[in-house]
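# Observations on chain architecture
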Amino acid sequence: MRVWVLVCVIVSTSLACAPASNTIGFTAQVGELPFACGQSYAMGNASTQVTPLDFRMYLSGVQLRRDGQWEDATLADNNFQHDGVVLLDFETSQGGCDNGSPDTHSVIDVAQDIEADAIAFVVGIPASMNHLDATTQSPPLNIPSMYWSWADGYKYTKIDVRNEAIDQDFFFHVGASDCSTDDVGSCVNRHEGRVELELDPRRQSIAVDLAAMWSSVNLAVEPPANDIAGCMSFPDDAECPAMLGSLGLQFRDQAAVGNMTAFRVVNGS
Amino acid sequence: MKSRWWMLLLVSGCGDPPWQWQLPLGFVEPRVPEDNPMTEAKVALGHRLFFDPRLSVNEEQSCASCHFPERAFSDDKATPTGTTGDAVPRNAMTLANAAYWSTYTWANPVLTTLEEQAAVPLFATHPDPIEIGAAEDFPAVVDRLQADADYPRLFEDAFGGFGNEVPTATNIAQAIASYERTLISGNSRYDRYSYGGDVQLTDDERAGFSLFFSERAECYHCHGGSLFSTAFVSASSTTTERAFENNGYGDGDDRGLAAITGRIEDEKKFRVPTLRNIEKTAPYMHNGGLRTLEDVIAHYVRGGAGLEGQSTLVKPLDLSDVEQRQLIAFLRTLTDDTFGATDEQQDPFAQR
């Protein structure tokens, strides 16, 4: 602690003073705008007004590339990271994100040097951890609303918006599907995919773009009476192929739709 | 540092053994307020107080008058009547697994502990409905407890004395809350199927299970997790999530969460109730307006009443009569027949 105070005194003339932890930063964005609960944004291919309700996602399988070699990153354990799984949590429980929680987490906290020229991660939770009993797990794997059930496991993403045009919610829940209730852990579709980004984590960070995820969706059209707007990873979910595609994921056995656009590298750590 | 250790030992000592949780498989330790640690003495005292009508102003009702052990600690009425005849506007909720809720009662975001909750029915006074009415003449309540053969010793064990300072209203609420925290139910056929493996579900029950967790029936978004409600916290929770939803059931003029927050978007929102033991806790909804599980499923199949602000997740469902019966068959697997039957869950005055 004293060491940091000293370092801070020395560098505090120009820099924000915090311990130089080994973190890889993320920023939540809607296009070029910063994401915030309580703000209103134009989204979808008809530029429809929405307000956020939730923005959380699990990442795992984090790797760093050094000298051309991918190595598994060892992650710190804290309330948002456990056993190699990270929960990015951009919602603040304020301004429409009522059913969330106040704490946020917008970094991957690595327990080693982060000198690297690229990062890779998987959106989601490893199959071996996805079908545990969430109630008895350590944070961040014990959050009730991020969990479906034993059979289906966790929601890898819970990104929800209020569609102001038609006064309905729109849900984006990625997770494993077609899972057996008899043989727990056996799912036909894992909906996991690896994202690779070239970056220097000490000088650059990763933008997670809500607008990119929704770019294929027409929010101006009301869904059929008994259909719920959104992608919740179930069969015949019309919004899913393109929305999963934006995260670099294939929906079910279909070929990936479009390019991975939801994550991009931005300057500044 | 060392001297503080000794103080801690002295404070937590009081001749009271530390509390040991006996939890069913898949259950985790509940969150317990720091200012009211669990002790066997408090639980034993709370057990008696919970069933004791002498707490009420006219010595007629106890907590158990609206929370019957055989009905998973709910009652059989749409809405209860207080000890002096006041109408209580909302259905008596089950106390099964009450230790784990992030907020208490049907729609109160600031009632976050059982201690605070217990104080409401115990001590509410007009213009709120009187339930137990202990605050109407609290000195008389204390006199009745003091004159009892057992309470002086029980309060001594639990709170270290019985005299000028004890029992306080806080002591009573703390003891009852400690007792309520022990009312844990996790021995249903569903649990034994999921954890024990000694039970098989029927084909209809399994079909209902799959429907429950499907996007067709859409039950599990709100009734998720091991207690079938997302309003769940435990000792290891580092976040507290609220779970208030407008499920399209709007009979009556109860504004729900909006009655406290005043926000238009909270109109008709209520806490997502647990579905464990749902078979035993009829009638249903915040005002007990739906008599049977069939009525509840019919409400959701209709897509609710189409209320202003109704959750987007409540939409008309395309479920056949057979599928609706299968859903109910699954809900009945959540019944814990052993819950409410132990000595600790029965009326101690009836046992004598």
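Analysis parameters
Residues numbered from 1 in each chain as written. Chains lettered and ligands numbered in written order. Predicted model: local features only at pLDDT ≥ 70, side-chain atom pairs only at ≥ 80, totals over all residues. Heavy atoms only, no water. Axes fitted to C-alpha atoms, helices over the stretch in contact; angles between N-to-C directions. Helix = DSSP H or I, 4+ residues; strand = E, 2+ residues; numbered from the N terminus. Parallel < 35°, antiparallel > 145°, perpendicular 65-115°, else oblique. Contact = heavy atoms within 4.5 Å. Nonpolar A, V, L, I, M, F, W, Y, C, P; charged D, E, K, R; others polar. Disulfide = S-S within 2.5 Å. Buried < 20%, exposed > 50% of the residue type's maximum accessible area, 1.4 Å probe, protein only. Buried area = accessible area lost by both parts, 1.4 Å probe. Salt bridge = Lys/Arg side-chain N within 4 Å of Asp/Glu carboxyl O. Polar contact = N/O pair within 3.5 Å; in protein donor to acceptor, adjacent residues only side chain to side chain. 1 Å grid on protein atoms, 1.4 Å probe; cavity = no way out; pocket = protein on both sides within 12 Å on 5 of 7 lines; lining within 4 Å. Points joined across faces, edges and corners; volume = space filled by probe spheres on them. Core = buried A, V, L, I, M, F, W, Y, C linked by side-chain atoms within 4.5 Å. pLDDT = per-residue confidence, 0-100.

### Details of the packing of helix α2 (residues 40-50) of chain B against helix α6 (residues 169-181) of chain B
Any two packed helices are characterised by how steeply their axes cross, that is the angle between the axes, and by the distance between the axes. Residues and elements named next belong to chain B. Where α2 meets α6, the axes come as close as 7 Å, and the angle between the chain directions of the two elements is 100°. By the angle class used here, α2 and α6 are roughly perpendicular. Side by side, α2 and α6 meet where Lys 42, Val 43, Leu 45, Gly 46, His 47, Leu 49 and Phe 50 of the first sit next to Ile 172, Ala 175, Ile 176, Ser 178, Tyr 179 and Glu 180 of the second. Residues belonging to the contact of α2 with α6 are distributed by class as follows: 8 nonpolar, 3 polar and 2 charged.

### Some thoughts on the state of the cysteines
Disulfides are covalent bonds that connect the sulfur atoms of two cysteines. Residue and element names in this part refer to chain A. Applying the stated rule across the entire model yields 3 disulfides over all chains. Across the disulfide, Cys 37 is cross-linked to Cys 97 (sulfur-sulfur distance 2.0 Å). A torsion of -95° about the S-S bond marks the disulfide between Cys 37 and Cys 97 as left-handed. Taken as a pair, Cys 37 in the loop between β2 (33-34) and β3 (41-43) and Cys 97 in the loop between β7 (85-89) and β8 (107-109) lie far apart in primary sequence, 60 residues in all. A sulfur-sulfur distance of 2.1 Å marks the disulfide that ties Cys 179 to Cys 187. Negative torsions about the S-S bond denote left-handed disulfides, and the value of about 105° found for Cys 179 with Cys 187 makes this one right-handed. In this structure, Cys 179 and Cys 187 share a single accessibility class: buried.

### Some thoughts on the interface of chain A and chain B
At the junction of the two partners, chain A supplies 38 residues and chain B supplies 36 residues. Ranking the residues of chain A by area buried against chain B places Asn 99, Thr 135 and Pro 144 of chain A at the top, with a combined share of 19%. In this assembly, chain A and chain B are joined by 2 salt bridges. With a closest N to O distance of 2.4 Å, Asp 98 of chain A and Arg 263 of chain B form a salt bridge. At the boundary of chain A and chain B, one finds 10 residue pairs in polar contact (both at pLDDT 80 or more). For the side of chain A that touches chain B, the secondary-structure elements that each account for two or more residues are β10 (147-149) and β13 (168-172) of chain A.

### Structural notes on the layout of surface pockets
Considered as a void within the structure, the second largest pocket measures approximately 1,000 Å³ in volume. As for the second largest pocket, its lining consists of 42 residues, and the residues nearest its centre are Leu 53, Gly 96, Arg 162 and Asp 169 of chain A together with Lys 269 of chain B. Among the secondary structure elements, those contributing two or more residues to the lining of the second largest pocket are β4 (48-66), β12 (157-163) and β13 of chain A together with β1 (244-245) of chain B. The biggest single contributor to the lining of the second largest pocket is β4 of chain A, with 5 residues. A class-by-class count of the residues in the lining of the second largest pocket yields 10 nonpolar, 14 polar and 18 charged.

### Quick look at unusual backbone geometry
Residue Pro 139 of chain A is joined to Pro 140 of chain A through a cis peptide bond whose omega torsion reads 5°. With respect to the helices, strands and loops of the structure, Pro 140 of chain A is situated in the loop between α2 (127-130) and β10. In this model, His 126 of chain B is joined to Pro 127 of chain B through a cis peptide bond whose omega is 15°. In this structure, Asp 236 of chain A takes a positive phi of about 65° despite not being glycine. On the secondary structure map, Asp 236 of chain A appears in the loop between β18 (230-231) and α4 (240-246). In this structure, Phe 73 of chain B takes a positive phi of about 60° despite not being glycine. You can call Phe 73 of chain B buried: its relative accessible area is 0%.

### Some points on helix α3 (residues 114-123) of chain B
Residues and elements named next belong to chain B. With 7 of 10 residues buried, α3 lies mostly within the body of the structure. Buried within α3 we find Leu 114, Glu 115, Gln 117, Ala 118, Pro 121, Leu 122 and Phe 123. Looking at the packing, one finds that the buried side of α3 touches α4 (138-146) and α6.

### As for the nonpolar core
Grouped together as the largest cluster of nonpolar side chains are 68 residues, with contacts concentrated most on Phe 121, Trp 214 and Phe 263 of chain A. Residues in contact with Phe 263 of chain A, not counting those within four places in the same chain, are Met 57, Phe 121, Val 123, Val 195, Leu 197, Ile 206, Ala 207, Val 208 and Leu 247 of chain A. Grouped together as the second largest cluster of nonpolar side chains are 53 residues, Trp 21, Phe 27, Ala 96 and Leu 122 of chain B included.

### Regarding the confidence of the model for chain B
Residue and element names in this part refer to chain B. Summing up the model confidence of chain B, the mean pLDDT is 91 and the portion of residues at 70 or higher is 93%. Contacts from residues 1-15, a stretch scored under 50 in pLDDT, to residues over four places away or in other chains number 1 contact. Among the prediction metrics, the complex's ipTM stands at 0.80, with pTM recorded as 0.87.

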